[in-house]
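Residue-level listing of the chains:
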Amino acid sequence: MRGRHSGDGLGSVAKAAAAVAAAAVAAAGVALAGCGFAVPPKTRPHPTHPADPVALRLADAPGLLVQCAIRTAGLRPGSQSWLHGLSVHITSSNAVDFQNWFRTHDAPGPYPETFVIDGHRTHYLAFGATWVRKGSLWVPTHTARDSPQAQRTSLYAWSLWAAAQDRLPPQVCGTSVTARTLQAQVFGASANPW
């Protein structure tokens, strides 16, 4: 009997370890799916009845906000596969390129190039910030990368805001464009979660 119980014990341990491993894999999948930037922006039409429209908007918001920053802040991303003139066009062939570019520009900065935000020439992509003059340029009052106040002004933070609010932030996009209209320009004729 003793051998039988010890065998059951090892089987139970193996089953428990397998369950823990499966739970860890599931949790990692949920975390990555919830991140919004773990996968490139969608390039296929959205499902007819999306389970979570905020998640769909979160995948698309970075492209819309970059287009806004090009128009309102003088952002010039240079030669990019997803940029045609001054228009962002994200497709299945360039979505990963866009995702990589966004990940290097989603913080407030500073960046080598200058932008004009709220009438201030600056090296920062900070929207909705309070500005102070520093020499010939302006800087946000909060600039440290680990500063919560600085992080709230980043393109990343505004993309989260846009997805949750179901509209574009006027601090980045102004008030003359809607998310629905910009979605069609950036992603083409796909289902529109805005």
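Each chain has its residues counted from 1, following the order in which its sequence is written. Per-residue local features are limited, in this predicted model, to residues with pLDDT of at least 70; the limit for side-chain atom pairs, both in listing and counting, is 80 or more; totals at the level of whole chains, interfaces and linings are taken over all residues. Side-chain figures throughout are based on the complete set of non-hydrogen atoms in the structure, without hydrogens or water.

A.B. asks: Hey, could you go over the packing of helix H2 (residues 53-73) against helix H7 (residues 179-187) for me, with residue numbers and the actual values?
C.D. replies: Note on definitions: angles span 0 to 180 degrees between N-to-C directions of axes, and those axes are lines fitted to C-alpha atoms, for helices only across the stretch in contact. For helices the rule is a DSSP run of H or I covering at least 4 residues; for strands it is a run of E covering at least 2, with both sets numbered from the N terminus onward. Close contact between H2 and H7 brings their axes to 10 Å; oriented N to C, the two are set at 95°. The angle between H2 and H7 places the two elements in the roughly perpendicular class. Touching Asp60, Gly63, Leu64, Gln67, Cys68 and Arg71 of H2 are Ala179, Leu182, Gln183, Gln185, Val186 and Phe187, all from H7. Nonpolar residues are Ala, Val, Leu, Ile, Met, Phe, Trp, Tyr, Cys and Pro. Charged residues are Asp, Glu, Lys and Arg, and all others, Gly as well, are polar. Classifying every residue of the contact of H2 with H7 by side-chain character gives 6 nonpolar, 4 polar and 2 charged. An angle counts as roughly parallel when it lies under 35 degrees, as roughly antiparallel when it exceeds 145, as roughly perpendicular when it falls between 65 and 115, and as oblique in every other case. Residues count as neighbours in contact if any of their non-hydrogen atoms are within 4.5 Å of one another.

A.B. asks: For the confidence of the model for the chain, give the residues involved together with the corresponding values.
C.D. replies: What pLDDT reports is the predictor's confidence in each residue, on a scale of 0 through 100. Across the chain, the average pLDDT comes to 79, with 74% of residues at 70 or higher. Between the elements of the chain, mean pLDDT differs from a low of 40, seen in helix H1 (residues 2-35), to a high of 97, seen in strand E2 (residues 87-88). Ignoring residues within four places in sequence, the model shows residues 1-40, a span with pLDDT below 50, making 18 contacts including any to other chains. Scored below 50 in pLDDT, residues 43-49 shows 10 contacts in the model against residues more than four places distant or in partner chains.

A.B. asks: Please give an account of the state of the cysteines that cites residues and values.
C.D. replies: Here, a disulfide means two cysteine sulfur atoms that sit within 2.5 Å of each other. Across all of its chains, the model carries 1 disulfide by this definition. Each sulfur of the disulfide joining Cys68 and Cys173 lies 2.1 Å from the other. Disulfide Cys68 to Cys173: torsion about the S-S bond roughly 100°, handedness right-handed. Of this pair, Cys68 sits in helix H2 while Cys173 sits in helix H6 (residues 170-173), placing them 105 residues apart in sequence. Exposure is judged per residue with a 1.4 Å probe applied to protein chains only, and the accessible area is read against the type maximum: over 50% gives exposed, under 20% gives buried, and values in between give partly exposed. You can call Cys68 buried: its relative accessible area is 2%.

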